[in-house]
Amino acid sequence: MSNLIADEQTFNGTITLAITGASGAGYALRLLECLVAANYRLYVLCSSAGRIVLDTEVGVKIPSSPEKASAFLTEKYQAKVGQITVFGKEQWFSPVASGSAAPKKMVVCPCSTGTVAAISHGMSDNLIERAADVVIKERGQLILVVRETPFSTLHLQNMLSLSQQNVTIMPASPGFYHKAESINDLTDFMVGRILDHLEIPQTIMPRWGYQ
(Lines give C-alpha, C1' and ligand atoms only; values in the text may rest on other atoms or scores of the structure.)
Protein backbone atom coordinates (compact mmCIF):
# COMPACT_ATOMS: atom_id res chain seq x y z
CA MET A 1 0.00 0.00 0.00
CA SER A 2 2.82 2.41 0.84
CA ASN A 3 4.36 1.91 -2.64
CA LEU A 4 1.01 2.61 -4.29
CA ILE A 5 0.58 5.83 -2.30
CA ALA A 6 4.11 6.89 -3.18
CA ASP A 7 3.45 6.33 -6.89
CA GLU A 8 0.24 8.34 -6.76
CA GLN A 9 2.09 11.20 -5.11
CA THR A 10 5.05 11.03 -7.53
CA PHE A 11 3.20 10.94 -10.87
CA ASN A 12 0.17 12.71 -12.32
CA GLY A 13 -1.33 9.41 -13.39
CA THR A 14 -0.62 6.19 -15.26
CA ILE A 15 -1.17 5.51 -18.95
CA THR A 16 -0.65 2.37 -21.00
CA LEU A 17 1.13 2.97 -24.32
CA ALA A 18 1.12 0.13 -26.83
CA ILE A 19 3.25 0.16 -29.98
CA THR A 20 2.37 -2.19 -32.84
CA GLY A 21 3.93 -2.87 -36.23
CA ALA A 22 2.05 -0.24 -38.20
CA SER A 23 4.04 2.57 -39.82
CA GLY A 24 4.37 5.68 -37.69
CA ALA A 25 6.95 4.77 -35.04
CA GLY A 26 7.88 8.44 -34.65
CA TYR A 27 4.43 9.18 -33.26
CA ALA A 28 4.94 6.63 -30.49
CA LEU A 29 8.32 7.94 -29.40
CA ARG A 30 7.21 11.58 -29.44
CA LEU A 31 4.10 10.70 -27.44
CA LEU A 32 6.23 8.77 -24.95
CA GLU A 33 8.56 11.76 -24.63
CA CYS A 34 5.65 14.16 -24.00
CA LEU A 35 4.01 11.88 -21.42
CA VAL A 36 7.27 11.54 -19.52
CA ALA A 37 7.67 15.33 -19.55
CA ALA A 38 4.08 15.66 -18.28
CA ASN A 39 5.05 13.43 -15.34
CA TYR A 40 2.93 10.39 -16.16
CA ARG A 41 3.93 6.87 -15.31
CA LEU A 42 3.92 4.65 -18.41
CA TYR A 43 3.28 0.98 -18.93
CA VAL A 44 4.75 0.29 -22.37
CA LEU A 45 3.79 -2.69 -24.53
CA CYS A 46 5.67 -3.20 -27.79
CA SER A 47 5.03 -6.02 -30.24
CA SER A 48 7.85 -7.79 -32.08
CA ALA A 49 6.73 -6.10 -35.29
CA GLY A 50 6.64 -2.79 -33.43
CA ARG A 51 10.31 -3.16 -32.50
CA ILE A 52 11.18 -3.91 -36.14
CA VAL A 53 9.34 -0.80 -37.35
CA LEU A 54 11.00 1.37 -34.69
CA ASP A 55 14.39 0.22 -35.92
CA THR A 56 13.46 0.57 -39.60
CA GLU A 57 11.79 4.00 -39.44
CA VAL A 58 13.68 5.87 -36.73
CA GLY A 59 16.73 3.73 -35.98
CA VAL A 60 15.73 2.98 -32.39
CA LYS A 61 16.53 -0.55 -31.27
CA ILE A 62 14.43 -1.46 -28.24
CA PRO A 63 15.76 -4.56 -26.46
CA SER A 64 13.49 -7.60 -26.47
CA SER A 65 13.98 -8.12 -22.72
CA PRO A 66 11.33 -6.11 -20.81
CA GLU A 67 13.83 -5.22 -18.08
CA LYS A 68 16.46 -4.01 -20.56
CA ALA A 69 13.81 -2.18 -22.59
CA SER A 70 12.61 -0.37 -19.46
CA ALA A 71 16.16 0.70 -18.63
CA PHE A 72 16.81 1.74 -22.24
CA LEU A 73 13.73 3.99 -22.47
CA THR A 74 14.27 5.39 -18.99
CA GLU A 75 17.78 6.48 -19.94
CA LYS A 76 16.82 7.71 -23.41
CA TYR A 77 14.06 9.98 -22.10
CA GLN A 78 15.66 10.80 -18.74
CA ALA A 79 12.63 9.46 -16.94
CA LYS A 80 12.32 9.05 -13.21
CA VAL A 81 13.05 5.72 -11.60
CA GLY A 82 9.97 3.55 -12.09
CA GLN A 83 8.33 5.97 -14.52
CA ILE A 84 8.62 3.66 -17.54
CA THR A 85 7.90 -0.06 -17.25
CA VAL A 86 7.94 -2.28 -20.33
CA PHE A 87 6.00 -5.56 -20.25
CA GLY A 88 6.47 -8.55 -22.56
CA LYS A 89 3.65 -9.83 -24.75
CA GLU A 90 2.92 -12.77 -22.43
CA GLN A 91 3.37 -11.18 -19.00
CA TRP A 92 -0.16 -12.05 -17.98
CA PHE A 93 0.45 -11.12 -14.34
CA SER A 94 1.27 -7.49 -15.20
CA PRO A 95 -1.14 -4.76 -14.00
CA VAL A 96 -2.47 -4.06 -17.51
CA ALA A 97 -3.94 -7.57 -17.73
CA SER A 98 -6.32 -7.10 -14.80
CA GLY A 99 -9.40 -4.95 -14.51
CA SER A 100 -8.58 -4.28 -10.87
CA ALA A 101 -5.11 -2.87 -11.65
CA ALA A 102 -4.95 -1.62 -15.24
CA PRO A 103 -4.76 2.12 -15.96
CA LYS A 104 -8.03 3.64 -17.13
CA LYS A 105 -6.30 5.29 -20.10
CA MET A 106 -4.57 3.48 -22.97
CA VAL A 107 -3.22 4.56 -26.34
CA VAL A 108 -2.21 2.19 -29.14
CA CYS A 109 0.14 4.25 -31.31
CA PRO A 110 0.63 3.38 -34.06
CA CYS A 111 -2.13 0.80 -34.30
CA SER A 112 -2.17 -1.80 -37.07
CA THR A 113 -5.47 -2.85 -38.61
CA GLY A 114 -4.68 -6.39 -37.45
CA THR A 115 -4.63 -5.11 -33.87
CA VAL A 116 -7.88 -3.24 -34.52
CA ALA A 117 -9.47 -6.50 -35.70
CA ALA A 118 -8.24 -8.47 -32.70
CA ILE A 119 -9.45 -5.84 -30.22
CA SER A 120 -12.77 -5.52 -32.01
CA HIS A 121 -13.39 -9.25 -31.66
CA GLY A 122 -12.04 -9.59 -28.11
CA MET A 123 -9.27 -11.97 -29.13
CA SER A 124 -6.80 -11.16 -26.30
CA ASP A 125 -4.09 -13.44 -27.69
CA ASN A 126 -1.29 -11.15 -26.46
CA LEU A 127 -0.88 -8.52 -23.77
CA ILE A 128 -1.64 -5.57 -26.05
CA GLU A 129 -4.98 -7.08 -27.02
CA ARG A 130 -5.76 -8.10 -23.45
CA ALA A 131 -4.89 -4.65 -22.07
CA ALA A 132 -7.19 -3.01 -24.63
CA ASP A 133 -9.95 -5.48 -23.80
CA VAL A 134 -9.60 -4.62 -20.11
CA VAL A 135 -9.87 -0.87 -20.76
CA ILE A 136 -13.03 -1.40 -22.83
CA LYS A 137 -14.72 -3.66 -20.30
CA GLU A 138 -13.82 -1.32 -17.44
CA ARG A 139 -15.31 1.62 -19.37
CA GLY A 140 -11.97 3.39 -19.57
CA GLN A 141 -10.49 5.53 -22.35
CA LEU A 142 -8.93 3.71 -25.31
CA ILE A 143 -7.40 5.64 -28.22
CA LEU A 144 -6.35 3.79 -31.37
CA VAL A 145 -4.03 5.71 -33.71
CA VAL A 146 -4.74 3.59 -36.77
CA ARG A 147 -2.33 3.68 -39.73
CA GLU A 148 -3.36 2.12 -43.02
CA THR A 149 -4.50 3.33 -46.42
CA PRO A 150 -6.88 2.75 -48.00
CA PHE A 151 -9.20 1.26 -45.42
CA SER A 152 -11.05 -1.84 -46.58
CA THR A 153 -14.70 -2.39 -45.72
CA LEU A 154 -13.58 -4.89 -43.08
CA HIS A 155 -11.25 -2.32 -41.50
CA LEU A 156 -14.08 0.20 -41.39
CA GLN A 157 -16.52 -2.31 -39.90
CA ASN A 158 -14.05 -3.17 -37.13
CA MET A 159 -13.45 0.51 -36.35
CA LEU A 160 -17.18 1.23 -36.34
CA SER A 161 -17.75 -1.62 -33.89
CA LEU A 162 -15.10 -0.18 -31.56
CA SER A 163 -16.37 3.38 -31.94
CA GLN A 164 -19.80 2.17 -30.85
CA GLN A 165 -18.09 0.95 -27.65
CA ASN A 166 -16.71 4.47 -26.99
CA VAL A 167 -13.24 3.70 -28.32
CA THR A 168 -11.65 6.75 -29.96
CA ILE A 169 -10.51 6.01 -33.50
CA MET A 170 -7.82 8.55 -34.39
CA PRO A 171 -6.20 7.73 -37.75
CA ALA A 172 -2.64 9.00 -38.17
CA SER A 173 -3.79 11.82 -40.46
CA PRO A 174 -1.94 15.04 -39.58
CA GLY A 175 -3.39 18.33 -40.79
CA PHE A 176 -1.50 20.81 -42.93
CA TYR A 177 -3.36 24.03 -42.07
CA HIS A 178 -0.71 25.01 -39.51
CA LYS A 179 1.81 25.23 -42.39
CA ALA A 180 4.07 22.42 -41.24
CA GLU A 181 7.70 22.88 -42.24
CA SER A 182 9.05 19.49 -41.20
CA ILE A 183 8.14 15.90 -40.44
CA ASN A 184 8.48 16.80 -36.77
CA ASP A 185 5.72 19.41 -37.17
CA LEU A 186 3.41 16.78 -38.65
CA THR A 187 4.29 14.36 -35.86
CA ASP A 188 3.56 17.00 -33.24
CA PHE A 189 0.16 17.68 -34.82
CA MET A 190 -0.95 14.10 -34.18
CA VAL A 191 0.68 13.82 -30.76
CA GLY A 192 -0.88 17.12 -29.73
CA ARG A 193 -4.32 15.79 -30.67
CA ILE A 194 -3.71 12.62 -28.65
CA LEU A 195 -2.68 14.69 -25.63
CA ASP A 196 -5.81 16.83 -26.03
CA HIS A 197 -8.01 13.74 -25.86
CA LEU A 198 -6.11 12.52 -22.80
CA GLU A 199 -6.83 15.96 -21.28
CA ILE A 200 -3.12 16.63 -20.80
CA PRO A 201 -2.12 20.28 -21.38
CA GLN A 202 0.14 20.70 -24.41
CA THR A 203 1.74 23.49 -26.40
CA ILE A 204 3.46 21.47 -29.14
CA MET A 205 0.66 22.07 -31.65
CA PRO A 206 -0.66 25.57 -32.46
CA ARG A 207 -4.41 25.79 -32.07
CA TRP A 208 -6.77 26.86 -34.81
CA GLY A 209 -7.50 30.57 -34.62
CA TYR A 210 -4.73 31.26 -32.09
CA GLN A 211 -1.66 31.32 -34.34
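Look a little higher up for the structure.
Conventions used here
- Residues numbered from 1 in each chain as written.
- Predicted model: local features only at pLDDT ≥ 70, side-chain atom pairs only at ≥ 80, totals over all residues.
- Heavy atoms only, no water.
- Salt bridge = Lys/Arg side-chain N within 4 Å of Asp/Glu carboxyl O.
- Helix = DSSP H or I, 4+ residues; strand = E, 2+ residues; numbered from the N terminus.
- Buried < 20%, exposed > 50% of the residue type's maximum accessible area, 1.4 Å probe, protein only.
- Core = buried A, V, L, I, M, F, W, Y, C linked by side-chain atoms within 4.5 Å.
- Contact = heavy atoms within 4.5 Å.

Caption draft 1: Spotlight on the pattern of salt bridges. This structure, assessed with the given rule, holds seven salt bridges. Close ionic contact of Arg-30 with Asp-188 constitutes a salt bridge, the shortest N to O distance being 2.6 Å. With Arg-30 in helix H2 (residues 25-37) and Asp-188 in helix H8 (residues 183-197), the pair connects residues that are 158 residues apart, well separated along the chain. Residue Asp-188 is classed as buried on the basis of its relative accessible area, which comes to 14%. For Lys-137, the salt bridge goes to Glu-138, with nearest N and O atoms at 2.7 Å. Classification of Lys-137 by relative accessible area gives partly exposed; the value is 41%. Residue Glu-138 is classed as partly exposed on the basis of its relative accessible area, which comes to 29%. Each member of the salt-bridge network shares a partner with another, and the members are Arg-30, Glu-33 and Asp-188.

Caption draft 2: Looking closely at the nonpolar core. Residues Leu-31, Leu-32 and Val-107 are the most contacted members of the largest nonpolar core, which totals 41 residues. With nine residues, the single largest contributor to this core is H2. Setting aside chain neighbours within four positions, we find Leu-31 in contact with Leu-17, Val-107, Cys-109, Val-191, Ile-194 and Leu-195. In terms of nonpolar packing, the next biggest core, distinct from the first, is built from 23 residues, Cys-111, Val-116, Leu-127 and Ala-131 among them.

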